[in-house]
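Listed below are the residues making up each chain.
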Amino acid sequence: MTRHFLRDLDLSAAEQTLVLDRAAHMKQRPEAYAQAMRGKVLGMIFQKSSTRTRVSFEAGAIQMGGQAIFLSSRDIQIGRGEPITDTAKVLSRYLDILMIRTYKHEEVQGLASASRVPVINGLDDLLHPCQILADLQTIKENRGTLAGQTLVYVGDGNNMAHSMMLGGALAGVNVRIITPREYAPKDEIVREAQTAAKASGAKIEVCHDLGAVEGADVVYTDVWASMGQEEEQAKRVRDFSGFQVDGRLMKRAKPDAIFLHCLPAHRGEEVSAEVIDGPQSRVFDQAENRLHAQKALMTFLLENR
Ligand code: CP
Ligand code: NVA
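Residues numbered from 1 in each chain as written. Chains lettered and ligands numbered in written order. Predicted model: local features only at pLDDT ≥ 70, side-chain atom pairs only at ≥ 80, totals over all residues. Heavy atoms only, no water.

S.K.: Even after reading the chapter, I still don't get the site of ligand 2, so can you show me in this structure?
M.R.: All residues in the neighbourhood of ligand 2 are listed as Leu 123, His 128, Asn 158, Asn 159, Asp 222, Val 223, Ser 226, Met 227 and Leu 263. Taking Asn 158, its side chain carries an N or O atom lying 3.4 Å from a nitrogen atom of ligand 2. Between a nitrogen atom of ligand 2 and a side-chain N or O atom of Asp 222, the distance comes to 2.6 Å. Considering ligand 2 on its own, with 270 Å² of exposed area, one finds that the protein chains cover 95% of that surface. Of the residues belonging to the shell around ligand 2, the class tally is 4 nonpolar, 4 polar and 1 charged. (Near = heavy atom within 4 Å. Polar contact = N/O pair within 3.5 Å; in protein donor to acceptor, adjacent residues only side chain to side chain. Areas by Shrake-Rupley, 256 points an atom, 1.4 Å probe, with all protein chains shown as cover. Nonpolar A, V, L, I, M, F, W, Y, C, P; charged D, E, K, R; others polar.)

Spelled out as structure tokens, the structure:
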């Protein structure tokens, strides 16, 4: 059966570890994988903007001897209403692996349901599972281990918060999500993550009090208005006031805590320049790890078709 990566829990805990270990090895010895995608073609469907996801997937495929085709929804027929399932049936006869970035999670599921080849979720409104793989790789590099680490996310209960709870639960990372009351993550995802966390022993919590930053090994934030929410920007800036990760908030975490952000960032909104450009920040290592983690993920899915 074709394996897809649409949700964080599409990998088992052991498979997530395997992908992360391979990503670390690929980072050290990229030449060992120079033929890992030889003759394979990746198709990348984008309905939203991207810098990191597009370039890391495309460069990753090329570095492993494969090719990548960028498919903007403005240019292909899904932009004119061709059903996603027809698109999947056609593209999977040309291509070996597909990635999609879109709005509704159901679109990603629809593409996978009709695809003969692995489909990867490159972000939707619900989840961003590729980002979490890179984040876990970065945490492991900096803290030496994942199990028992405490990751505190401050901000919107969005796709990043959702994937962090799910991916963190698998890896044994305690995930604490702090949001304004009306921007809490979806209950069903919180429950799913808490169920997954039973096996790893991780603690998954949601709260609305910034005091919960106390004891954090990792402090994480993301934009207050995600792609597709641009019209709410002004309201959200008002609603999230007080939730900026600044030097004062970082001081409430452990003294050696690191700061992560999936990027793109808005300095002066969700994070101060002092923090994101300061000594605790690892955001550019984190962005680099998108490349290694996704290379590992693509080889894993191609092997397990
Ligand atoms: N973090 C991330 O997914 O970045 P892009 O939107 O630039 O792909
Ligand atoms: N939550 C953000 C993440 C961007 C990588 C968005 O969906 O726009």
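S.K.: Whenever I open this one, the sheet that holds strand β1 (residues 41–46) confuses me. Can you help?
M.R.: Sheets are built from strands that pair by backbone hydrogen bonding, the pairs being arranged parallel or antiparallel. Pairing is parallel across the open sheet formed by 4 strands, whose spatial order is β2-β1-β3-β4. Of all strands in the sheet, those bounded by a partner on one side alone are β2 (67–72) and β4 (119–121). Each adjacent strand pair in this sheet contributes to an overall mean axis angle of 20°, direction not counted. The sheet contact formed by β1 and β2 spans 6 bridges and is parallel. Paired with Ile 45 across the bridge in β2 is Leu 71. Against the sheet, helix α2 (residues 52–63) touches β1, β2, β3 (97–101) and β4, its axis set at about 170° to β1. Contacting β1, β3 and β4, helix α4 (residues 105–113) crosses the sheet at an angle of about 170° to β4. (Pairing = 2+ DSSP bridges. Helix = DSSP H or I, 4+ residues; strand = E, 2+ residues; numbered from the N terminus. Axes fitted to C-alpha atoms, helices over the stretch in contact; angles between N-to-C directions. Contact = heavy atoms within 4.5 Å.)

S.K.: Can you walk me through the environment of Pro 83 in this structure?
M.R.: With respect to the element layout, Pro 83 can be found in the loop between β2 and α3 (84–94). Residues Pro 83 and Ala 171, 88 residues apart in the sequence, show an inter-C-alpha distance of 36 Å.

S.K.: Could you clarify how one ought to interpret the packing of α3 against α4 in this entry?
M.R.: Axes are the key here: two packed helices are described by the angle between their axes and the distance separating the axes. In the contact formed by α3 and α4, the axes pass within 7 Å of each other and the chain directions differ by 40°. Between α3 and α4, the interaxial angle falls into the category oblique. Two packed elements cross with a definite hand, and for α3 against α4 that hand is right-handed. Every residue of α4 that contacts α3 at Ile 84, Thr 85 and Ala 88 is listed here: Glu 107, Gly 110, Leu 111 and Ser 113. (Parallel < 35°, antiparallel > 145°, perpendicular 65-115°, else oblique. Left-handed = near helix turned anticlockwise from the far one by under 90°.)

S.K.: Honestly, the pattern of salt bridges in this entry has me stumped. Any pointers?
M.R.: Charged atoms that come close allow side chains of opposite charge to pair. On inspection of all chains with the given rule, the structure shows 16 salt bridges. Arg 7 serves as the salt-bridge partner of Glu 192, at 2.9 Å between the closest nitrogen and oxygen. Residue Glu 192 is located in helix α7 (residues 187–200), and its partner Arg 7 is located in the segment before α1 (13–28); the two are separated by 185 residues in the primary sequence. Each of Arg 143, Asp 217, Lys 254 and Asp 256 takes part in one network of salt bridges that share partners. (Salt bridge = Lys/Arg side-chain N within 4 Å of Asp/Glu carboxyl O.)

S.K.: Sorry if this is basic, but what is going on with the sheet that holds strand β8 (residues 218–221) here?
M.R.: On the basis of which strands lie adjacent, the open sheet formed by 5 strands has the order β7-β6-β5-β8-β9 and parallel pairing. Each having just a single partner strand, β7 (204–207) and β9 (258–261) make up the two edges of the open sheet. When strand polarity is set aside, the average angle formed by the axes of neighbouring strands in this sheet is 20°. Contacts from helix α5 (residues 129–143) reach β5 (150–154), β8 and β9 within the one sheet, and its direction differs from that of β9 by about 165°.

S.K.: In this structure, what is going on with helix α6 (residues 159–171)? I would like to understand it.
M.R.: It helps to recall that an α-helix has 3.6 residues per turn; residues three or four apart then point in one direction. Across its 13 residues, α6 extends 18 Å between first and last C-alpha, which sits within 8% of the 18 Å expected from 1.5 Å per residue. Of all 13 residues in α6, 13 are buried, a share of seventy percent or more. Backbone geometry just downstream of α6 places Gly 172 in the positive-phi region, at approximately 85°. (Expected span 1.5 Å × (residues − 1). Buried < 20%, exposed > 50% of the residue type's maximum accessible area, 1.4 Å probe, protein only.)

S.K.: Just checking my understanding: could you explain unusual backbone geometry for this structure?
M.R.: The phi angle of most residues is negative, glycine excepted, and most peptide bonds adopt the trans form. Note the cis peptide between Leu 263 and Pro 264, where omega equals 5°. Unlike most non-glycine residues, Leu 123 shows phi in positive territory, near 115°. Taking relative accessible area as the criterion, Leu 123 reaches 7% and is therefore assigned buried. The backbone phi angle of Leu 263 is positive, close to 65°, even though this residue is not glycine. Locating Leu 263 in the fold gives a position in the loop between β9 and α10 (273–276).

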